[in-house]
Amino acid sequence: MPADRSQLGAFLRARRDGLTPADAGMQAFPGPRRVPGLRKEELAVLAGVSADYYSRLEQGRQANVSRSVLDALARALRLDEVERAHLFALADPTPARRTHTRDAQRPDAGLLRLMTTLDHVPALILGRRGEVLATNTLLTAVLRDMPPSSSLVRFMFFDPVARERIVNWEHFAATTMAALRGELGRHPEDSQLVALIDELRAGDPDAARWWADHSVQDYASAPKRILHPVAGELSFDIETVLPPRTAEQVLIVYTVQPDSPTARTLPFLASWNADQPAGR
């Protein structure tokens, strides 16, 4: 996936197709419509650019795009903060944004210290490409053993345990693909990331479908329900913590309501997990 304008154009087209004139707060232009979304001419008017300029932009033929135009497009398309950041990343040709490293990832020291204090709830640290950098004992008990350098992304799509245990699997799997798209916008020449995305699209029809809709978001806070083979249904609220020194790692914490059935079950699960064979 080269650092060209094709991904920028595809993202603009996907967001334009998903926004009706009514949603955008404008009167639809007269004439027959092939799709319910905005026409190119309508979006151009909303963004204050010429229809020809916008067409070149969506077709990947516009070499330079100013910040003011990107701001106008983000407003016209009603993009949220994550989508807006993705738009700017796709439009930014700065070479520094195109670099990536194959060096082994190590968990941020501050995040690791924080995770070790959270022994009463499941937690894990994720790095680039959804790579698992560290987990605690309860994360293993609730989901499964995921050693450092394993892939949470591959677990989500290729390990049957994920679909068996995560009741609202579709939400988290779709979010995973949207997070990968955001990461690709920041690191379009990361060959390992490109290969991972190609593997997912080729190996799972859901992943291919979600990738095609050009959704983008960060790993988000959301309720998560786990159907555990021993403990039954568990309810968590997933929260994410970003360290101040890097945007490429995240601590994911499975929080629980105090004195809830799940909170009362977790100590039992920790004991049960200690009796299980390693590497299961």
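Residues numbered from 1 in each chain as written. Predicted model: local features only at pLDDT ≥ 70, side-chain atom pairs only at ≥ 80, totals over all residues. Heavy atoms only, no water.

Draft legend 1. Layout of the pairing of strand 1 (residues 123-126). Residues Ala123 and Ile125 point to one face of strand 1 and Leu124 and Leu126 to the other, with burial holding for every one of them. Judged from the three bridges that link them, strand 1 and strand 2 (residues 132-135) form a sheet pairing that is antiparallel. Bridging across to strand 2, leucine 126 finds its partner in valine 132. Turn length for the strand 1-strand 2 hairpin, with the two strands adjacent in sequence and antiparallel, is five residues, and the turn residue arginine 129 shows positive phi of about 60°. (Buried < 20%, exposed > 50% of the residue type's maximum accessible area, 1.4 Å probe, protein only. Helix = DSSP H or I, 4+ residues; strand = E, 2+ residues; numbered from the N terminus. Pairing = 2+ DSSP bridges.)

Draft legend 2. Highlighting the packing of helix 1 (residues 6-17) against helix 6 (residues 81-91). Contact pair helix 1 / helix 6: the axes reach a minimum separation of 9 Å and the direction vectors enclose 150°. With respect to their mutual orientation, helix 1 and helix 6 come out roughly antiparallel. Handedness of the helix 1/helix 6 crossing: left-handed. Contact residues: helix 1 offers Gln7, Leu8, Phe11, Leu12 and Arg15, while helix 6 offers Glu83, His86, Leu87, Leu90 and Ala91. The residue makeup of the contact of helix 1 with helix 6, split by class, is six nonpolar, two polar and two charged. (Axes fitted to C-alpha atoms, helices over the stretch in contact; angles between N-to-C directions. Parallel < 35°, antiparallel > 145°, perpendicular 65-115°, else oblique. Left-handed = near helix turned anticlockwise from the far one by under 90°. Contact = heavy atoms within 4.5 Å. Nonpolar A, V, L, I, M, F, W, Y, C, P; charged D, E, K, R; others polar.)

Draft legend 3. Layout of the pattern of salt bridges. As enumerated under the stated definition, the model contains 17 salt bridges in all. With its nearest N and O atoms 2.2 Å apart, the salt bridge here joins arginine 84 to aspartate 71. One end of the pair, arginine 84, is in helix 6; the other, aspartate 71, is in helix 5 (residues 67-76), with 13 residues separating them in the sequence. For aspartate 206, the salt bridge is made with arginine 209, and the minimal N-O distance between the two is 2.8 Å. (Salt bridge = Lys/Arg side-chain N within 4 Å of Asp/Glu carboxyl O.)

Draft legend 4. Region of interest: the sheet that holds strand 3 (residues 222-228). If you trace the five strands from one edge of the open sheet to the other, you get 2-1-5-4-3, paired in antiparallel fashion. Taken across any chain shown, the strands that pair with only one partner, and hence form the sheet edges, are strand 2 and strand 3. Within this sheet the neighbouring strands show an average axis-to-axis angle of 30°, counted without direction. Where strand 3 lies against strand 4 (residues 232-241), seven bridges are found, and the strand directions are antiparallel. Residue pairing in the sheet places lysine 224 in a bridge with phenylalanine 236 of strand 4. Of the strands in this sheet, strand 1, strand 2, strand 4 and strand 5 (250-255) are in contact with helix 7 (residues 109-116), which crosses strand 1 at around 170°. Docked against the sheet, helix 14 (residues 261-274) engages strand 3 and strand 4, running at close to 95° with respect to strand 4.

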